[in-house]
Amino acid sequence: MPCRLNVYVCFLLILTIWHRLCFLYGKRHMLNPGRAPAIAKENAMKLVSAVIKPFKLDDVREALSEIGVRGITVTEVKGFGRQKGHTELYRGAEYVVDFLPKIKIEVGIDDDLVDGVIEALCKAAHTGKIGDGKIFVSPLENSIRIRTGETGSEAL
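Residues numbered from 1 in each chain as written. Predicted model: local features only at pLDDT ≥ 70, side-chain atom pairs only at ≥ 80, totals over all residues. Heavy atoms only, no water.

Points about the nonpolar core
Basically, it comes down to this: Throughout, nonpolar core names a set of buried Ala, Val, Leu, Ile, Met, Phe, Trp, Tyr and Cys residues whose side chains join them through atoms within 4.5 Å. Burial classes follow relative accessibility: with a 1.4 Å probe on protein chains only, a residue under 20% of its type's maximum area counts as buried, one over 50% as exposed, and anything between as partly exposed. Secondary structure counts use DSSP, requiring at least four H or I residues in a row for a helix and at least two E residues in a row for a strand, with both numbered from the N terminus. Working rule for contacts: check all heavy atoms of both residues, and any pair within 4.5 Å makes them a contact.
Ranked by size, the top nonpolar core spans 17 residues in total, and within it I52, V60, L64, I109, V117 and L121 carry the most contacts. Take this core: its biggest share by element is six residues, from helix 3 (residues 114-125). Residues contacting I52, with those up to four places away along its chain left out, are L57, V60, K102, I103, I105, A125 and D132.

Structure (structure tokens):
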């Protein structure tokens, strides 16, 4: 009888640990494999980040407003790509500028607007010269409007 009790206690202990790990890592569906959560397509969102030349900011803002983008985040950044910086002449001395000033724009959007946003960014930021910038698209898991508590696409 004591042997059965130890096996039962061990089984309960293992089961309890497994349940806690499942909840800890957000995999609640592992507890009930027949009811795995479906990913809602209507909540699919993307974060589009673009690094552009500073003088193109107004053109990009106008182009995004025209296609229905309601808000953007703008950050002044420095960096280099294939340009690898340049040299400047100041009071007769030559200086190497390794990091060039750029503007980073971040836009949280619904999945169905991604192609339009990318097209608008490309057209508005294009100069045809080296250093026009880059666009990065990544999945956006959630967004929350702090004032109202709205989440997902409603908060964008």
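Let's talk about the packing of aromatic side chains
Filter applied, for reference: Paired rings are identified among Phe, Tyr and Trp, the last through its six-membered ring, by centres lying within 6.5 Å, and are further divided according to the angle between planes into stacked (under 30 degrees), edge-to-face (over 60) and tilted (the rest).
Within this structure, the stated rule accounts for one aromatic pair. Centre to centre, the rings of F80 and F99 are 5.7 Å apart; their planes meet at 55°, and the pair counts as tilted. In this pair, F80 is assigned in the loop between strand 2 (73-79) and strand 3 (86-90) and F99 in the loop between strand 4 (93-97) and strand 5 (100-110), connecting sequence segments 19 residues apart.

Concerning the layout of surface pockets
Here the idea is plain: a probe the size of a water molecule rolls over the atoms and shows the empty space left. Filter applied, for reference: Residues are called lining when one of their atoms sits within 4 Å of a cavity or pocket point, these points coming from a 1 Å grid over the protein atoms alone, where a cavity is a set in which a 1.4 Å probe fits but cannot get out and a pocket is an open set with protein on both sides within 12 Å along at least five of seven lines. Grid points are joined across faces, edges and corners, and a volume is the space filled by probe spheres set on the points. Under this grouping Gly is polar, as are all residues other than the nonpolar Ala, Val, Leu, Ile, Met, Phe, Trp, Tyr, Cys and Pro and the charged Asp, Glu, Lys and Arg.
One number sums up the size of the largest pocket: a volume of about 320 Å³. Taken together, the elements giving at least two residues each to the lining of the largest pocket come down to strand 2 and strand 6 (133-140). Classifying every residue of the lining of the largest pocket gives five nonpolar, five polar and five charged. Of the voids in this model, the second largest pocket is the one considered here, and its volume is about 260 Å³. Forming the walls of the second largest pocket are 15 residues, and the residues nearest its centre are G71, V107, G108, I109 and L156. If one sorts the elements of the lining of the second largest pocket by residue count, strand 5 sits on top with five residues. Residues of the lining of the second largest pocket, tallied by class, amount to seven nonpolar, four polar and four charged.

Quick word on the sheet that holds strand 6
Heads up, the rule is: Only strands that DSSP links by at least two bridges are regarded as paired with each other. The convention used is that axes are lines fitted to C-alpha atoms, helices contributing only their stretch in contact, and that angles between N-to-C directions extend from 0 to 180 degrees.
An order of 2-5-1-6 is seen for the four strands of this open sheet, with the pairing classed as antiparallel. Single-partner strands in this sheet number two, and they are strand 2 and strand 6. Put simply, the sheet's adjacent strands are angled 25° from each other on average, direction ignored.

Some points on the pairing of strand 1 (residues 45-52)
With eight bridges connecting them, strand 1 and strand 5 associate as antiparallel partners. Note that in strand 5 the partner of K46 across the bridge is I109. As defined by bridge partners, strand 1 adjoins strand 6 across eight bridges and the pair is classed as antiparallel. In the sheet register, A50 faces strand 6, and the bridge partner there is I135.

Quick notes on helix 2 (residues 57-66)
Stated precisely, the cut-off is as follows: For this quantity, the arc is that covered by the directions from the helix axis to the C-beta atoms.
Along helix 2, the positions that sit buried rather than exposed are V60, A63 and L64. For helix 2, the angular spread of buried residues about the axis comes to 95°, placing them on one side. Buried residues along helix 2 sit in contact with strand 1, strand 5 and helix 3.

Some points on the confidence of the model for the chain
Where we set the bar: Confidence scores per residue from the predictor, reported as pLDDT, run from 0 to 100.
On average, the chain scores 81 in pLDDT, and the residues at 70 or more come to 71%. Confidence, expressed as mean pLDDT per element, reaches its minimum in the chain at helix 1 (residues 2-24) with 64 and its maximum at strand 1 with 96. In this model residues 34-41 is a low-confidence stretch, pLDDT under 50, and it forms four contacts with partners more than four residues away in sequence or in other chains.

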